[in-house]
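Notes for the structure review
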Amino acid sequence: MKHYLDAAENAARAAGKLLRENFQRQQRVKAVAAHDIKLEIDVQAQELISKLLLEEFPAHALYGEEGIVGDQSSDHQWIVDPLDGTVNYFYGIPHFCVSIALRLHKEIVVGVIYDPIRGEMWTGQRGEVSKLNGAPIHVSDRAELAEAVISIGLAKTGETINTNFPLLQQMIHRVRKCRVLGSAALDMAYVACGRFDAYIETGISLWDIAAGSLLVENAGGTVDLRPRENMKDKYSIVASNGLIDLKL
């Protein structure tokens, strides 16, 4: 797995460099929705990642937010979000990342999340402890809900917003602080290294949380990931330190 992990880290750094160099420059908008924006640089970053990974592993497939490449029935499938936090990026908010995971026989075996602004690289491979910039990390040891800091995702559709907002209202009264920061992958990374105690989202895509799920579990946390029956290719997720009772 080390060979795959090194390749994922190199691809994440290359895409992160592209994002960092173009941050706070005028961006070409590809598409606009009520609660989301797609930029040309999202596509450029994924194309760069695809080129680097599939040149090294030509028999692999890539499943990303900006499209798919290769034979999706391949045993090796890279799951990529080239820019998680696009709206933050577009508005000049320095909170976004690159997320890359490798799924082998339907199991996530490698995951990296890279924040190019802070220079933080979370890495993980199946069966080994997660790391942040090479140092082992662990989820928080907070067990009291009243002491917890949690992130509630407010996703891109009216349905998911309407589901998540009551949850946010409930949690605000139960925990120390709720956060809505705009990058699911970074939320997962923050749970893995103990900055957050939990992350909850009721309508998220696999590329947003594939790498983070591995990082959280390998850092001692728990991840409850369930497909949404009424939303194609969407999932509900609860990632936590495994100690707090979220009373969901």
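On a predicted model such as this, the values are computed, not experimentally measured, just so you know.

**What about helix 2 (residues 40-56)?**
Its 17 residues give helix 2 an end-to-end C-alpha distance of 25 Å, which sits within 8% of 24 Å, the value for a rise of 1.5 Å per residue. By the burial criterion, the buried members of helix 2 are I41, D42, V43, A45, Q46, I49, S50, L53 and L54.

**Some details on the pairing of strand 13 (residues 198-204)**
Among the seven residues of strand 13, seven are classified as buried, and the element is accordingly described as predominantly covered. Sheet topology note: the strand 11 (residues 149-152)/strand 13 ladder contains three bridges and is parallel. Bridged to I150 within strand 13 is A198. Where strand 13 meets strand 15 (residues 235-240), five bridges bridge the pair, whose relative direction is antiparallel.

**Overview of the pattern of salt bridges**
Within the structure shown, the criterion is met by 13 salt bridges. Ionic pairing is found between K38 and E66, a salt bridge with its closest N-O pair at 3.8 Å. Here K38, found in strand 2 (residues 36-39), pairs with E66, found in the loop between strand 3 (61-64) and strand 4 (67-69); they are 28 residues apart in sequence, far enough to count as distant. For K38, a relative accessible area of 19% puts it in the buried group. A salt bridge links R142 to D197, with the shortest nitrogen-to-oxygen separation between them at 2.7 Å. With R142 in the loop between strand 10 (135-136) and strand 11 and D197 in the loop between helix 5 (184-192) and strand 13, this pair connects stretches of sequence that are 55 residues apart.

**A look at the sheet that holds strand 8 (residues 120-125)**
The mixed open sheet is built from eight strands, whose spatial order is 4-3-5-6-7-8-9-10. One side of each edge strand has no neighbouring strand; the edge strands of this open sheet are strand 4 and strand 10. Note that strand 5 (residues 76-84) and strand 6 (residues 97-104) share seven bridges and pair antiparallel. By the bridge assignment, D81 is partnered in strand 6 with S99. Lying on the sheet, helix 6 (residues 206-218) is in contact with strand 3, strand 5, strand 6, strand 7 (107-115) and strand 8; it crosses strand 7 at an angle near 100°.

**Let's talk about the sheet that holds strand 11**
By definition, the strands of a sheet pair up through backbone hydrogen bonds, in either a parallel or an antiparallel sense. Pairing within the open sheet is mixed, and its five strands lie in the order 12-11-13-15-14. Two strands bound the open sheet, and with one partner strand each, they are strand 12 (177-179) and strand 14 (222-227). For this sheet the average axis-to-axis angle between neighbouring strands, irrespective of direction, equals 15°. Running over the sheet, helix 5 touches strand 11, strand 13 and strand 15 and is turned about 150° from strand 13.

**A word on a nonpolar patch on the surface**
A surface patch of nonpolar side chains, about 550 Å² in accessible area, is lined by V29, V32, V87, F90, Y91 and I93. Looking at the nonpolar patch, the elements with two or more residues in it are strand 1 (29-33) and helix 3 (86-90). Tracing the backbone through its elements, the reader meets Y91 in the loop between helix 3 and strand 6.

**With respect to unusual backbone geometry**
Although it is not a glycine, Q24 adopts a positive phi angle of roughly 70°. Take Q24: it is sitting in the loop between helix 1 (2-22) and strand 1. Taking relative accessible area as the criterion, Q24 reaches 63% and is therefore assigned exposed. Even without a glycine there, the phi angle at H105 is positive, about 50°. Structurally, H105 is set in the loop between strand 6 and strand 7. Of the residues examined, H105 reaches a relative accessible area of 54% and is grouped as exposed.

Scoring rules and cut-offs
- Residues numbered from 1 in each chain as written.
- Predicted model: local features only at pLDDT ≥ 70, side-chain atom pairs only at ≥ 80, totals over all residues.
- Heavy atoms only, no water.
- Helix = DSSP H or I, 4+ residues; strand = E, 2+ residues; numbered from the N terminus.
- Expected span 1.5 Å × (residues − 1).
- Buried < 20%, exposed > 50% of the residue type's maximum accessible area, 1.4 Å probe, protein only.
- Pairing = 2+ DSSP bridges.
- Salt bridge = Lys/Arg side-chain N within 4 Å of Asp/Glu carboxyl O.
- Contact = heavy atoms within 4.5 Å.
- Axes fitted to C-alpha atoms, helices over the stretch in contact; angles between N-to-C directions.
- Patch = residues over 30% accessible without salt bridge, like charges linked within 9 Å, V, L, I, M, F, W, Y side chains within 5 Å.
- Areas by Shrake-Rupley, 256 points an atom, 1.4 Å probe, with all protein chains shown as cover.

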